[in-house]
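Breakdown of the fold
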Amino acid sequence: MKRLSHLSPNECVLLTAARLLDGRIVWRGRDGQWFDHVAQAACLTAEESEAALEEASTQAARQGVMGVYPVVARKGEPPQPVSMKEHIRAFGPTVHPEFSYVPQSEASS
Amino acid sequence: MKQPVGHYAYESRDREFLQERIAEFEDQVKRRLSGALSEEEFKPLRLMNGIYLQVHAYMLRVAIPYGILDSRQLRKLAHVARRYDRGYGHFTTRQNIQFNWISLEDAPAILRDLAEADMHAIQTSGNCIRNITSDEYAGAARDELMDPRVHAEILRQWSTLHPEFTFLPRKFKIAISGSPEDRVAARFHDIGLLARPSENGPLFRVFVGGGLGRTPVVGQELFDSVPEAELLATLEATLRVYNAYGRRDNLYRARIKILVQTIGIEPFREAVKAELAKMDLSHYRLTPERVAAIRARFAAPELHAVDDADAVLAQHQKEDPAFARWMQSNTHPHFDEGYSIATVSLKTPGDIPGDVTAEQMDGLADIAERFAFSELRVTHLQNIVLGHVRKDQLYALWQGLKELNLAAPNIGLAGDIVSCPGLDYCTLANARSLPLARKLGARFGDARLQEEIGALSINISGCINACGHHHAGHIGILGVDKRGSEFYQILLGGQAGDRASIGAILGPALSEDDAVAAIARMIDHYLAHRNEQESFLEMVTRLGKAPFKEVAYETV
Amino acid sequence: MKLFNLSQQHIIPAEEADPVSLAELKEHPEAAYAVALEPDESAEALRPFLAQITLVVLHFPIFRDGRAFTQARSLREYEDYKGEIRVTGHVLPDQAAFLRRCGVDTVVLPDDDDQTEWEAQLKRFTITYQQSIAS
Ligand code: SF4
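Values in this document were obtained by computation on a predicted structure and should not be read as measured data. (Residues numbered from 1 in each chain as written. Chains lettered and ligands numbered in written order. Predicted model: local features only at pLDDT ≥ 70, side-chain atom pairs only at ≥ 80, totals over all residues. Heavy atoms only, no water.)

As for the interface of chain A and chain B
Applied cut-off: Contact between two residues is taken to exist if any of their heavy atoms lie within 4.5 Å; hydrogens are not considered. Simply put, the buried area is the total loss of 1.4 Å probe accessible area from both parts when two parts are fitted together. A pairing counts as a salt bridge when a side-chain nitrogen of Lys or Arg comes within 4 Å of a carboxyl oxygen of Asp or Glu. N or O atoms closer than or at 3.5 Å make up a polar contact, with two conditions inside protein: a donor-capable atom paired with an acceptor-capable one, and, for residues adjacent in sequence, both atoms drawn from side chains. The numbering of helices and of strands both runs from the N terminus, where a helix is a DSSP run of H or I of at least 4 residues and a strand a run of E of at least 2. Residues are grouped as follows: Ala, Val, Leu, Ile, Met, Phe, Trp, Tyr, Cys and Pro are nonpolar; Asp, Glu, Lys and Arg are charged; all remaining types, including Gly, are polar.
Across the contact, 20 residues belong to chain A and 26 residues belong to chain B. Counting each side, the surface lost to burial between chain A and chain B is near 2,000 Å², with a carbon and sulfur contribution of 61%. Put simply, chain A and chain B have 0 salt bridges between them. Across the chain A-chain B interface, the total number found is 12 residue pairs in polar contact (both at pLDDT 80 or more). Elements represented by at least two residues in the side of chain A that touches chain B include exactly β1 (11–19) and α2 (84–91) of chain A. Among the elements that line the side of chain A that touches chain B, the one with the most residues is α2(A), at 4 residues. Looking at the side of chain A that touches chain B, its residues break down into 11 nonpolar, 4 polar and 5 charged.

Structural notes on the site of the ligand
Put simply, the rule is: Throughout, the term near means that a residue has one or more heavy atoms lying within 4 Å of the molecule or strand in question.
All residues adjacent to the ligand are B:C420, B:P421, B:G422, B:C426, B:L428, B:A429, B:S461, B:G462, B:C463, B:N465, B:A466 and B:C467. Its residues assigned to classes, the shell around the ligand comprises 8 nonpolar, 4 polar and no charged.

A word on the sheet that holds strand β4 (residues 88–91) of chain B
Residue and element names in this part refer to chain B. For clarity, the threshold we go by: In short, DSSP must find at least two bridges between two strands for them to pair. Note on geometry: axes are lines fitted to C-alpha atoms, helical ones only across the stretch in contact, with angles between N-to-C directions running from 0 to 180 degrees.
The strand order across the open sheet built from 5 strands is β1-β2-β5-β4-β13, with neighbouring strands paired in antiparallel fashion. Single-partner strands in this sheet number two, and they are β1 (51–53) and β13 (355–357). Across the sheet, the mean angle separating the axes of adjacent strands is 30° when strand polarity is ignored. Sheet topology note: the strand β2 (residues 58–62)/strand β5 (residues 97–102) ladder contains 4 bridges and is antiparallel. Residue V62 lies in a different strand from β5, and its bridge partner there is I97. Taken strand by strand, helix α2 (residues 39–47) contacts β1 and β2, and its axis lies near 135° from that of β1. Sheet contacts for helix α13 (residues 358–371): β4, β5 and β13; angle to β13, the most-contacted strand, approximately 80°.

Some words on the UniProt feature "domain: Nitrite/sulphite reductase 4Fe-4S" (unreviewed entry) in chain B
All names here are of chain B. To keep it simple, the criterion reads: UniProt positions are given in the numbering used here, feature names are shortened, and annotations may be inferred rather than shown by experiment.
Taking the numbering used here, the UniProt-annotated feature "domain: Nitrite/sulphite reductase 4Fe-4S" (unreviewed entry) corresponds to residues 125–277 and 418–552. As annotated, residues 125–277 comprises 31% helix and 17% strand, and the C-alpha atoms at either end are separated by 32 Å. Helix and strand shares over residues 418–552 are 37% and 18% respectively, and the end C-alpha atoms of the span are 21 Å apart.

Brief notes about the sheet that holds β1(A)
All names here are of chain A. Within the open sheet, the 5 strands sit side by side as β3-β2-β1-β4-β5. Their pairing is antiparallel. Edge strands, defined here as strands with exactly one partner in the open sheet, are β3 (34–35) and β5 (80–81). Docked against the sheet, helix α1 (residues 46–63) engages β1, β2 (25–28), β3 and β4 (65–74), running at close to 155° with respect to β4.

Some details on the arrangement of the chains
The pair of protein chains exhibiting the most contacts, out of 2 pairs of chains in contact, is chains B and C. A minimum C-alpha distance of 20 Å separates chain A and chain C, which share no contact.

Observations regarding the environment of B:I97
Residue and element names in this part refer to chain B. Keep this limit in mind: To sort residues, take the accessible area from a 1.4 Å probe on protein chains only and compare it with the maximum for the residue type: under 20% means buried, over 50% means exposed, and anything in between is partly exposed.
With respect to the helices and strands, I97 occurs in strand β5. For I97, a relative accessible area of 0% puts it in the buried group. On a C-alpha basis, the gap between I97 and P148 in space is 21 Å, while along the polypeptide they are 51 residues apart. When sequence neighbours within four positions are dropped, the list of residues in contact with I97 reads L60, R61, V62, I64, L77, G89, H90, F91 and M361.

Description of the packing of helix α1 (residues 12–34) of chain B against helix α4 (residues 107–116) of chain B
Residue and element names in this part refer to chain B. We apply this condition: Here roughly perpendicular refers to angles of 65 to 115 degrees, roughly parallel to angles under 35, roughly antiparallel to angles over 145, and oblique to all remaining angles.
Here α1 crosses α4 at 170°, and the two axes come no closer than 9 Å. Of the possible angle classes, the one that applies to α1 and α4 is roughly antiparallel. Residues L18, Q19, I22, F25, E26 and V29 of α1 form the contact with α4, whose own contacting residues are A107, P108, L111, R112 and A115. The residue makeup of the contact of α1 with α4, split by class, is 8 nonpolar, 1 polar and 2 charged.

Quick notes on the pattern of salt bridges
Counted under the stated rule, the structure contains 55 salt bridges over all chains. As a salt-bridge pair, C:E117 and B:R31 come within 3.8 Å of each other at their nearest N and O atoms. With C:E117 in helix α4 (residues 116–124) and B:R31 in helix α1, this pair bridges two chains. The exposure class assigned to B:R31 is buried, which follows from its relative accessible area of 9%. Notably, a salt bridge pairs B:D135 with B:R183, separated by 3.0 Å at the nearest N-O pair. Remark: B:R183 occurs in the loop between β7 (174–177) and β8 (191–196) and B:D135 occurs in the loop between β6 (133–134) and α5 (149–159); sequence separation between them is 48 residues. For the pair shown, B:D135 and B:R183 are each scored as buried.

What follows is the structure in structure tokens.
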């Protein structure tokens, strides 16, 4: 994972996790709720993300999510996770476009 | 109900056991959802029921013991794909099927549906004895010495919720074959068994400590001739040594191969013998009566060859060259002259290796029912074999497969690519493997080109766990991560079977497109410079990797 | 702490047991009747002392570490040990039947532990596929 302390100005940090019930990928929004789509994820600075990660981890069990961790993304609508792994988590498997999480036009914007 | 051909027919106690197991799992899921079990505690429990947490959702891996399914079971898998997943399943290199989009809440219901067709997901994961794999041509191949599936079933039962071996240092894989050809890669398993008949009943050659993964090792012979009566005792003793002495402090050093390597095969054998000496062997004896009782629950196919089958087949081949080509690559000699073994390729060019839609599953179930005694075999190369097809019916079978888009004539050829799910679906991956498999499949998709290239195995893994068996491919591809980007290492010269060897790394890792181009150049080089009749692997053996390396990297 | 009885054998009450280590046992075998084996110690090492031992305590550093299953089964099968086998450490109720079938009699649980899960697990399976030392 890219070091959070080395973010470039057009990058931010997203928090992600998996939902306990169905294992689906979720992204943490500004208000601390979890959403299915990366477009609703809060784009945090490195400092913000530290506190948010701590808070999210303590609330995780109560909110029905597990394995909270930070992801570096390029800012945008929606934000674009930098690593291929997180890109696939955000937008869906590259070999099954029919299962994509965000319409292709948006995903490639 | 009629007994199934090729696998064990459940009796009421087996069904009761499955119900008990499902009730247990349902309770575990409840405790997890209530918070009584932490994820750390739940994980090994769900894994022992085949449930992983993967990239996009939970994944369910259903066991297909020794690779054998009947039509009824395949239809049940189609039902699971439709009802609980997204209309497809993925056959793996371990003769299992995986569903990628499962919800934990649904899991007990799925297991109940599977149990209706005598299927389960027990021990398809976790640090226990995994699903026993076997030879896809078992009970049908001309070269076979004995059908290993009765013993595979005995091992399945023996290993099911074994009280002592359910929390081993690491997973434990056993494969069994009855062919001198070793079609199960016995030397690449924790234990590999090669069965053969003798005057005094079956004998088993036992290999131990093989495996791919991070540290690929070719297994070594532990015993040459274990009599049937002592088969279970010998396995018990081996596992006891492993459970007591296998490493538990380092995940990557915990497989039995490391233990065998560390102490040496000779001291390991002595330790197993010492264990056997302490055991009351009569207590562990596998009796002929027990074997006969299990065998009685397998139905044998009633073969009725027709007289002019060969002539009919020859006529079909003459009339339809596409069929003739498929016959050439996708069939294998049956012990009965009037029959053939047919392999259904799950590698349609441009599709994902091993993926099958619910419609295709239903279609295959119908075809197996019509032409092959309702018996299907899932192979470790991610294809499906129909064991007993009357030669005069092969043409109709092939036409049925064509309608399902499952008639690719590429078994054992360049298009028959083995690939793990890679980064698109697997949390452990470093790189994607499916897009590469698709590109290569399309690149060599042309049937005539594949025929010209001849025998070639391409294996792709998305990380060093090697689920795509990349070390065992004539050409192996390993996905690596280089500073956040996907790269691919090419290996050359691996093979499974009785001359098992591990592929050698060719050179620095390449990008996806460069890897495809490099492989294409290597194959061109082979076509231009091969001796007559020489296969790709034979040329690699003759010349070494240097000339291939040169062409692979010529533009880089 | 409290004990959960898996085997319904007569057991030694929790407060009475005062197990010594294998090293201590070797040094001062005189009065010892209870011994605690570490996961990497073999059951065979107890052989000279088993006549006087009535309690062997095995340890699970974590529930995934299954060495105690082999130790317990070895004590019963190879050493013909008839006394109590007890396990401590991190164990799950889901392991109840495995423990009993390998010859374990008792499990040490925290005082506030709910035993209903253990009771339920013990009764869950009526069918097993292997012979075992205690079925
Ligand atoms: S080889 Fe690696 S990436 Fe591929 S399925 Fe196995 S663990 Fe996942």
